[in-house]
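Secondary and tertiary structure notes
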There are 2 protein chains.
Amino acid sequence: MKRVYINDVAARDGFQIEPRWIETRDKIAFIDRLSATGLAKIEVTSFTSPKAIPNLADAAEVMRGIQRAPDVDYVVLVPNVKGVERALAAGAGELNFVMSASDSHGRANLGMTAAESLDRFAAMAAVARAGNARINAAISTAFGCPFAGAVPVEQVMAIVARIETLGIASVMLCDTTGMANPLQTAALCEAVLTRHPRLQLTLHLHDTRGMGLANALAAWQVGVQHFDAALGGLGGCPYAPGASGNICTEDLVHMFACMGVTTGVDLDALLAASQALPALIGHDTPGQVVKAGKADRRYPLPAAVG
Amino acid sequence: MKRVYINDVAARDGFQIEPRWIETRDKIAFIDRLSATGLAKIEVTSFTSPKAIPNLADAAEVMRGIQRAPDVDYVVLVPNVKGVERALAAGAGELNFVMSASDSHGRANLGMTAAESLDRFAAMAAVARAGNARINAAISTAFGCPFAGAVPVEQVMAIVARIETLGIASVMLCDTTGMANPLQTAALCEAVLTRHPRLQLTLHLHDTRGMGLANALAAWQVGVQHFDAALGGLGGCPYAPGASGNICTEDLVHMFACMGVTTGVDLDALLAASQALPALIGHDTPGQVVKAGKADRRYPLPAAVG
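The rules we used
Residues numbered from 1 in each chain as written. Chains lettered and ligands numbered in written order. Predicted model: local features only at pLDDT ≥ 70, side-chain atom pairs only at ≥ 80, totals over all residues. Helix = DSSP H or I, 4+ residues; strand = E, 2+ residues; numbered from the N terminus. Rg over C-alpha atoms; globule rule 2.2 N^0.38 Å. Buried ≥ 20, exposed ≤ 12 C-beta atoms within 10 Å, placed from the backbone. Axes fitted to C-alpha atoms, helices over the stretch in contact; angles between N-to-C directions. Left-handed = near helix turned anticlockwise from the far one by under 90°. Contact = placed C-beta atoms within 7 Å. Expected span 1.5 Å × (residues − 1). Nonpolar A, V, L, I, M, F, W, Y, C, P; charged D, E, K, R; others polar. Arc of directions from axis to C-beta. Pairing = 2+ DSSP bridges. Least-squares fit on C-alpha atoms with pLDDT ≥ 70 in both. Parallel < 35°, antiparallel > 145°, perpendicular 65-115°, else oblique. Right-handed = clockwise from strand over helix to strand, strands pointing away. Core = buried A, V, L, I, M, F, W, Y, C linked by C-beta atoms within 7 Å. pLDDT = per-residue confidence, 0-100.

1. Points about the overall build of chain A
Helices and strands together make up the secondary structure of chain A, namely 13 helices and 8 strands. What you see for chain A is a C-alpha radius of gyration of 19 Å, in line with the 19 Å of a compact globule of 306 residues. On the principal axes, the C-alpha backbone points of chain A span a range of 70 × 40 × 35 Å. Burial statistics for chain A: of 306 residues in total, 53% are counted as buried.

2. Some points on the packing of helix H8 (residues 182–195) of chain B against helix H9 (residues 212–221) of chain B
Residue and element names in this part refer to chain B. Between H8 and H9, the shortest axis-to-axis distance is 8 Å and the interhelical angle comes to 35°. Crossing of H8 against H9: the hand is right-handed. Facing H8, whose interface residues are Pro-182, Thr-185, Ala-186 and Cys-189, H9 presents Ala-214, Asn-215, Ala-218, Ala-219 and Gln-221.

3. Focus: helix H6 (residues 114–130) of chain A
Owing to its 3.6 residues per turn, the α-helix aligns residues three or four sequence positions apart on the same side. All names here are of chain A. With 17 residues, H6 should cover 24 Å at 1.5 Å per step; its first-to-last C-alpha distance of 24 Å lies within 8% of that length. Lining the buried residues of H6 we find strand E3 (73–78), helix H4 (81–89), strand E4 (94–100), helix H5 (103–110), strand E5 (134–140) and helix H7 (153–165). Two residues or fewer after H6 comes Asn-132, characterised by a positive phi angle close to 60°.

4. A look at the interface of chain B and chain A
Contacts between chain B and chain A engage 43 residues on the former and 43 residues on the latter. Put simply, the parts of the chain that give the side of chain B that touches chain A at least two residues each are helix H5 (103–110), H8, H9, helix H10 (249–259) and helix H13 (289–292) of chain B. Residue contributions to the side of chain B that touches chain A peak at 5 residues, all from H10 of chain B. The residue inventory of the side of chain B that touches chain A, partitioned by class, reads 25 nonpolar, 12 polar and 6 charged.

5. With respect to H7 of chain A
Residue and element names in this part refer to chain A. For H7, built from 13 residues, the straight-helix expectation of 18 Å at 1.5 Å per residue is met to within 8% by its first-to-last C-alpha distance of 19 Å. The complete set of buried residues in H7 reads Val-156, Ile-159, Val-160 and Ile-163. On an axial view of H7, the arc spanned by its buried residues comes to 100°, and they lie on one face. With respect to the buried face of H7, the exposed residues turned more than 90 degrees away are Glu-154 and Thr-165. Those residues of H7 that are buried lie in contact with H6, E5, strand E6 (170–174) and helix H8 (182–195). Just downstream of H7 lies Gly-167, where phi reads positive at about 80°.

6. What to know about the sheet that holds strand E8 (residues 226–229) of chain B
Residues and elements named next belong to chain B. Read around the barrel, 8 strands follow the order E1-E2-E3-E4-E5-E6-E7-E8 and close on themselves; strand pairing throughout is parallel. Taking each pair of neighbouring strands and ignoring which way they run, the sheet shows an average axis angle of 25°. Strand direction decides the pairing type here: strand E1 (residues 5–8) and strand E2 (residues 41–46), joined by 2 bridges, are parallel. Residue pairing across strands places Asp-8 opposite Ile-42, the latter belonging to E2. Running over the sheet, helix H4 (residues 81–89) touches strand E3 (73–78) and strand E4 (94–100) and is turned about 150° from E3.

7. Notes on the relation of the copies chain B and chain A
It takes a turn of 180° to lay chain B on chain A, together with a shift of 0.0 Å along the axis; the resulting RMSD is 0.0 Å. As the rotation angle and translation indicate, the two copies are arranged about a two-fold axis. Considering only C-alpha atoms, the part of chain B nearest the rotation axis is Ala-214 of chain B, at 1.9 Å. Of the residues that chain B buries at the interface, 100% are likewise interface residues in chain A, meaning the two copies contact each other through the same surface.

8. A look at the environment of Tyr-74 of chain B
You can see Tyr-74 of chain B is positioned in strand E3. Given 19 C-beta atoms within a 10 Å radius, Tyr-74 of chain B is considered partly exposed.

9. Thoughts on the pairing of E1 of chain B
Regular strands have side chains that alternate between both faces of the sheet. Relative to E8 of chain B, E1 of chain B runs parallel, the two being bridged by 4 bridges. From the neighbouring strand, Tyr-5 of chain B faces E8 of chain B, where its bridge partner is His-226 of chain B.

10. Brief notes about the packing of H10 of chain B against helix H11 (residues 267–275) of chain B
Residue and element names in this part refer to chain B. For the pair H10 and H11, interaxial distance at closest approach is 10 Å and the crossing angle is 160°. In terms of axis orientation, H10 runs roughly antiparallel to H11. The hand of the H10/H11 crossing is left-handed. On H11, the residues that touch Thr-249, Glu-250, Val-253, His-254 and Ala-257 of H10 are Leu-267, Leu-270, Leu-271 and Ser-274. Taken together, the residues of the contact of H10 with H11 sort by class into 5 nonpolar, 3 polar and 1 charged.

11. Digging into the sheet that holds strand E1 (residues 5–8) of chain A
All names here are of chain A. Taken in spatial order, the 8 strands of this closed barrel run E1-E2-E3-E4-E5-E6-E7-E8, and their pairing is parallel. Looking at each pair of strands side by side, their axes are set apart by 25° on average, direction ignored. Sheet analysis places strand E7 (residues 200–204) next to strand E8 (residues 226–229), joined by 3 bridges and oriented parallel. For Leu-203, the partnering residue across the bridge sits in E8 and is Phe-227.

12. Some remarks on the pairing of E7 of chain A
Residue and element names in this part refer to chain A. Among the 5 residues in E7, 4 count as buried, and that is most of the element. Strand direction decides the pairing type here: E6 and E7, joined by 5 bridges, are parallel. When the sheet's bridge partners are listed, Cys-174 is paired in E7 with His-204. With H8 bridging E6 and the parallel E7, this β-α-β connection has right-handed handedness. Running through helix H9 (residues 212–221), the crossover from E7 to the neighbouring parallel element E8 is right-handed.

13. A few points about the environment of Val-261 of chain A
Residues and elements named next belong to chain A. In this structure, Val-261 sits in the loop between helix H10 (249–258) and helix H11 (267–275). On the neighbour-count criterion, Val-261 (17 C-beta atoms within 10 Å) is partly exposed. In this structure, the C-alpha to C-alpha distance between Val-261 and Trp-21, residues 240 residues apart in sequence, is 37 Å.

14. Overview of the nonpolar core
If you look at the biggest cluster of nonpolar residues, it comprises 196 residues, and the most contacted ones within it are Val-76, Ile-139 and Leu-252 of chain A together with Val-76, Leu-95, Ile-139 and Leu-252 of chain B. Dropping the residues within four chain positions of it, Ile-139 of chain B is found in contact with Met-99, Ala-101, Val-156, Ile-159, Val-171, Met-172, Leu-173 and Cys-174 of chain B.

15. Let's talk about the environment of Pro-278 of chain B
All names here are of chain B. Following the sequence through the fold, Pro-278 ends up in helix H12 (residues 277–281). Looking at Pro-278, the number of C-beta atoms within 10 Å reads 13, which means it is partly exposed. Spatially, the C-alpha atom of Pro-278 lies 17 Å from that of Asp-32, the residues being 246 residues apart in sequence.

16. Quick look at the confidence of the model for chain A
Looking at chain A as a whole, the pLDDT averages 96, with 97% of positions reaching at least 70. Predicted as a complex, the structure gets a pTM of 0.97 and an ipTM equal to 0.97.

What follows is the structure in structure tokens.
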């Protein structure tokens, strides 16, 4: 019964696609509230071009404005050397580098192939290390590409191996558009854990096709201990209107809690934070436990029954 | 990679709680459409009191009106001897008996304890056998009761043993309000499969707290091959507004298909039937694959990318 570590990415992967601007002070208050829930890590923002992601144009102010809790890691997404420099200047101590396993997706999303991304990672890593920042390397479309289809396991494994040779100690497999199934998830995660026992592996799942928690279960069964998730199940795929986004943090924590797996998270505090989301973003969220209550919720007997 | 058998319960567990009356001819057309998709079984209706479930007041007309496909089993729910007689008169060949593992839930929902239900099953089974009908015994709240909380495994196992002594060859464990977690699901299913190898075991899951497909995965891993599910994820819990209902048939079939597990179901035909649901019931459904498309769906590259 290995314990798990939960990273919330709602403030980055969720907020970046919200149609409505979220005030900087509201972002900071949201992150500060999450900091008190026992999460292992919070993805705070993204130091990308404000033109590409206007909703996160206040990245530096948010990073500087949050109160950092001692037991929580705060990470920011950085797409290039300039992003690394901006993040370091704003006091970021941990950086998510992002690339795509699929060249089609990489070109569409980042303007470069996987090989070009890996070259860029080397330059970014040098700057990050000079600034004493920790690095995670995230591999998008590791379980399939919405343009190219299946991504061969060995293609992903070669990228993981190259990342390790760059001296990066933490890798993330991302099911960017919810294409992974449980057997595939277990197989790829087991391959990485077995062949790269010194890498820290994080799994970033989306629930686009309803398989998110089943995939998390399958990954946990083979030993994955680090999971990204977004409060309320925010995030999502611009190609699938109405489809779910990231796996929902509180639903994931609830499942592990029901299973007796330690998460370190105060689920009630997390649910309270999730209940405040609709007022912040202006719409309902896909999270289930926030609507149904925890599995141990009791209802009064109907009045007609003695 | 044991194959699975999928039973759709939307016409019963789904339609029974819809706020809007569904015309008898529409119910019949819906079931006839499902009959062509390769499902193993369809729960057609319920021979309960029309006062208790007005939406299924046309049970006999629906049962008589459908076209029965040779490879599909058609089952109806019956609460008592009178229901068995009405179902047999309408030509039903397979009957679902229903009871609750929890006395609190049994009293609230059926007006009797588990022991009283089992006594009733004996009388109902005699009438059903005289009419040459097959019998499944469904155990509600097998994974927890919304009034009483946890239901001890041995309490459920004693009920299963008693059902087998009644000469009933098929038992269903129901997670009536979505309280089950994957470890619990696997443990109880494995106990039934191991101790009662000659009973056919079906699992009836709800997705109330988002764990539905994870529970199905965990059950499949220990050898469960028969699953109830509702097209579009219809159904639900009157106590949790906004919460999901039964696990979604097409999302379940899609997950197994992605895993390479044979279901016998034509997923495209199932998805087409699901797309027709909102027009039938007057609202959107919680199903995910119908919104996002199958995992192998390809998108054109954005125009800016070569």
